[in-house]
Amino acid sequence: MSSASVVSFEEARHIVEQHARRVGPGEVESVDLLAASGRVLAEPILADRDFPPFPRATRDGYAVRAADLAQVPVRLELVGEIRAGDWPEPGTCSVGRGKAVSIMTGAPLPAGADAVVMVEYTAATANAVEIQRGVKSGENFVPRGAEARQGQMLIDRGTRLDHAAIALAASAGASTLPVFRKPRVAVLSTGDEVVEIGAKPGPAQIRNSNTYSLAAQIEYVGAESVRLPIAPDEPVRLRALIEQGLACDLLLLTGGVSMGKYDLVEQVLTDLKAAFYFTGAKIQPGKPIVFGSCGWSCGAGIPARVLAANSQSVRAEMPAPHRKYFFGLPGNPVSTMVTFKLFAQPMIAALAGMKPQPLIFLQAKLKAEIRTKTGLKRFLPAVLSGEFENAEVELAAWQGSGDIAALARANCFLVIPPDREQISAGEWVSLLMG
Ligand code: AMP
Ligand code: MG
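Remember, it's a predicted structure, so these values are computed and weren't measured experimentally.

## Some thoughts on the pairing of strand β7 (residues 99-103)
Side-chain positions along a regular strand alternate between the two faces of the sheet.
So, point 1. Counting buried positions along β7 yields four of five residues, so the element is predominantly enclosed.
So, point 2. Relative to β7, strand β5 (residues 61-64) runs antiparallel, the two sharing three bridges. Among the inter-strand pairings, Gly 61 is bridged to a residue of β7, identified as Ile 103.
So, point 3. Here strand β6 (residues 74-82) runs beside β7; their pairing, made up of four bridges, is parallel. Pairing of Ile 82 across the sheet is with Ile 103, part of β7.

So this is what it looks like as structure tokens:
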């Protein structure tokens, strides 16, 4: 492959995002509210009534007219009590001048009142209450419809439902929700040296960990993993397994994309008339990453070529529904995990029906100086520690992209720009979490 198709990190990410905008989710299914947690909403959820449906007290205390509290302390006549769930008959419990109503958190504010004074600032007798502090009009209650008006959208289509969204759906009375089918993502690990975890590895063999890290990452982002058998570094069997994988919504290959004599993945995909959008990114780990697509029935229709990263060449191709995307991820386990997160995840999200999400790096202070080489954007395993506002980060000791143990000790990636040779302790650095 030509070096012209090795692109910067930002370009590679942009190319994936551009293609991700061209794919869509599968069918819609209806699932129980709780089963919808982690799924992607297929139709917007609307407010079935005003939120809140009545002016809702946010404190235990006394519903009052703020103007009556201009001078404190003041003694008000107690004319009733409203508990959460009570709905006093109109006219039976209103707050006139010099009057107060005892009210509980979550109860509807009575007519006439325009504030709630907290019980902590009061002293009550049988039919009067002394108020020690003033309140502003509007304090300690939420007006009817302030959170959402009836018919207003509460949760948009394309939202991955977390616990807050589930709570909101519950509050709108949705006992079942329409969600998109999970995309099926095939995982194909390659390599003659790789053996299944149940087998006893020979002296030079290594166990297949990539299939499992990828399957775990796929499930974590809300898709379904389809684990294929390990492909040998042999073109016929490799091709058959690739074709099997292309029957899923997305294919992730690992290994066989470097420059070695037996790195056959790109060759076999070229034979299948794949289009390649990039065949490397200027990152470490993960430089040999490959991104491309195949025609509907692979082997037909699409000329083998490396496409320049511009929208014209993207548009000139077959429409996205007729193509299957694939990523050839590098075989080194840390590279596999990093490149999944950086590149495969946004494509899976799009196939799951999610709205595009920007990749956001967080910032923390560097604990110990870093020296590195320029030229590649680096995503190095790192440990974020400290407490509360005093987070600090340092690189995890590691033996390179094959060191899974280092990654298991790390809890984030420290992002080093390609032009930095040295970063001093105390500088702010970017982190990729997870
Ligand atoms: P490759 O990208 O095929 O050149 O492989 C790079 C390194 O990753 C080699 O040391 C491989 O043994 C290792 N590797 C490849 N595939 C796997 C896998 N499925 N699980 C664990 N390590 C792997
Ligand atoms: Mg290999």
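The discussion continues.
## Observations concerning helix α1 (residues 9-20)
So, point 1. For α1, with 12 residues, the first-to-last C-alpha span of 16 Å sits near the 16 Å given by 1.5 Å per residue.
So, point 2. Taken as a whole, α1 has its buried residues at Phe 9, Ala 12, Arg 13, Ile 15, Val 16, Gln 18, His 19 and Ala 20.

## A word on the side chain of Gln 217
So, point 1. Relative to the helices and strands, Gln 217 resides in helix α3 (residues 210-220).
So, point 2. When its relative accessible area of 18% is taken as the criterion, Gln 217 is described as buried.
So, point 3. In this view, Gln 217 contacts Met 337, Phe 340 and Lys 341; residues no more than four positions away in its chain are not counted.

## Let's talk about the pairing of strand β8 (residues 115-118)
So, point 1. Taking every second residue as pointing to the same face, both faces of β8 are buried, with Ala 115 and Val 117 on one and Val 116 and Met 118 on the other.
So, point 2. Pairing of β5 with β8 involves four bridges; the strand directions are antiparallel. By the bridge assignment for β8, Val 64 is matched with Ala 115.

## Some thoughts on the site of ligand 1
So, point 1. Near ligand 1 you find 16 residues, and of these Glu 193, Asn 208, Ser 209, Gly 256 and Gly 331 are the closest.
So, point 2. A distance of 2.9 Å separates a nitrogen atom of ligand 1 from a polar atom in the side chain of Asn 208.
So, point 3. Residue Asn 332 places a main-chain N or O atom 3.2 Å away from an oxygen atom belonging to ligand 1.
So, point 4. Within the complex, 79% of the 480 Å² of free accessible area of ligand 1 lies under protein.
So, point 5. Counted by class, the shell around ligand 1 contains three nonpolar, 10 polar and three charged residues.

## Focus on the nonpolar core
So, point 1. Among the nonpolar cores identified, the biggest contains 41 residues, and Phe 327, Phe 343 and Met 347 are the most heavily contacted of them.
So, point 2. Of all the secondary-structure elements, those providing two or more residues to this core are α1, β14 (184-189), α3, β18 (250-254), β19 (275-278), β24 (323-329), α7 (333-351) and β29 (412-416).
So, point 3. With residues near it in sequence (within four places) discarded, Phe 343 still touches Phe 9, Ala 12, Arg 13, Val 16, Phe 278, Ala 281, Ile 283, Ile 289 and Phe 327.
So, point 4. By size, the runner-up hydrophobic cluster in this structure holds 23 residues, among which are Leu 246, Cys 248, Leu 264 and Phe 326.

## Here we look at the packing of α1 against α7
So, point 1. Relative orientation of the contacting elements α1 and α7 amounts to 15°, with a least axis distance of 9 Å. Classified by the angle between their axes, α1 and α7 sit roughly parallel to one another. Considering only the axes of α1 and α7, their crossing is right-handed. Across the interface between the two elements, Phe 9, Ala 12, Arg 13, Val 16, His 19 and Ala 20 from α1 touch Lys 341, Leu 342, Phe 343, Pro 346, Met 347 and Ala 350 from α7.
So, point 2. Taken together, the residues of the contact of α1 with α7 sort by class into nine nonpolar, one polar and two charged.

## Some words on the sheet that holds β8
So, point 1. Ordered in space as β8-β5-β7-β6-β10-β9, the six strands form an open sheet in which the pairing is mixed. Both edges of this open sheet fall to β8 and β9 (122-124), since each of them pairs with a single strand only. In this sheet, adjacent strand axes meet at a mean angle of 35° when their direction is disregarded.

## Quick notes on the pattern of salt bridges
Where charged atoms of side chains with opposite charge meet at close range, the side chains can pair.
So, point 1. Applying the stated criterion across every chain yields a total of 17 salt bridges.
So, point 2. As a salt-bridge pair, Asp 50 and Arg 149 come within 3.3 Å of each other at their nearest N and O atoms. Taken together, the positions of Asp 50 in the loop between β3 (45-46) and β4 (56-57) and Arg 149 in the loop between β11 (141-142) and β12 (153-155) put the pair 99 residues apart, joining distant regions of the chain.
So, point 3. Judged by relative accessible area, which is 9%, Asp 50 ranks as buried.
So, point 4. Look at Arg 149 and you get partly exposed, because its relative accessible area is 45%.

## Thoughts on the packing of α3 against α7
So, point 1. At their nearest, the axes of α3 and α7 sit 10 Å apart, and the two run at 30° to each other. Classed by the angle they form, the pair α3 and α7 counts as roughly parallel. Two packed elements cross with a definite hand, and for α3 against α7 that hand is right-handed. Side by side, α3 and α7 meet where Asn 210, Ser 213, Leu 214, Gln 217 and Ile 218 of the first sit next to Pro 333, Thr 336, Met 337, Phe 340, Lys 341 and Ile 348 of the second.

## Quick look at the packing of aromatic side chains
So, point 1. Following the criterion strictly, the structure yields 11 aromatic pairs and no others.
So, point 2. Consider the rings of Tyr 277 and Phe 291, whose centres lie 5.2 Å apart with planes at 55°: the pair is tilted. Of this pair, Tyr 277 sits in strand β19 while Phe 291 sits in strand β22 (residues 290-295); the two residues are 14 residues apart in sequence, bridging distant segments of the chain.
So, point 3. Given a relative accessible area of 3%, Tyr 277 falls into the buried group.
So, point 4. Put simply, the rings of Phe 9, Tyr 277, Phe 278, Phe 291, Tyr 325, Phe 327, Phe 343, Phe 361 and Phe 379 touch in pairs and so form one group of aromatic residues.

## Examining unusual backbone geometry
So, point 1. For the bond running from Phe 51 to Pro 52, omega is -10°, close enough to zero to count as cis.
So, point 2. Within the element layout of this structure, Pro 52 appears in the loop between β3 and β4.
So, point 3. Along the chain, Val 72 connects to Pro 73 via a cis peptide bond; the corresponding omega equals -5°.
So, point 4. Position of Pro 73 among the secondary structure elements: in the loop between β5 and β6.

The rules we used
Residues numbered from 1 in each chain as written. Chains lettered and ligands numbered in written order. Predicted model: local features only at pLDDT ≥ 70, side-chain atom pairs only at ≥ 80, totals over all residues. Heavy atoms only, no water. Buried < 20%, exposed > 50% of the residue type's maximum accessible area, 1.4 Å probe, protein only. Helix = DSSP H or I, 4+ residues; strand = E, 2+ residues; numbered from the N terminus. Pairing = 2+ DSSP bridges. Expected span 1.5 Å × (residues − 1). Contact = heavy atoms within 4.5 Å. Near = heavy atom within 4 Å. Polar contact = N/O pair within 3.5 Å; in protein donor to acceptor, adjacent residues only side chain to side chain. Areas by Shrake-Rupley, 256 points an atom, 1.4 Å probe, with all protein chains shown as cover. Nonpolar A, V, L, I, M, F, W, Y, C, P; charged D, E, K, R; others polar. Core = buried A, V, L, I, M, F, W, Y, C linked by side-chain atoms within 4.5 Å. Axes fitted to C-alpha atoms, helices over the stretch in contact; angles between N-to-C directions. Parallel < 35°, antiparallel > 145°, perpendicular 65-115°, else oblique. Left-handed = near helix turned anticlockwise from the far one by under 90°. Salt bridge = Lys/Arg side-chain N within 4 Å of Asp/Glu carboxyl O. Phe/Tyr/Trp six-rings, centres within 6.5 Å; stacked < 30°, edge-to-face > 60°.

Note that all results are geometric; they support no functional claim without further evidence.
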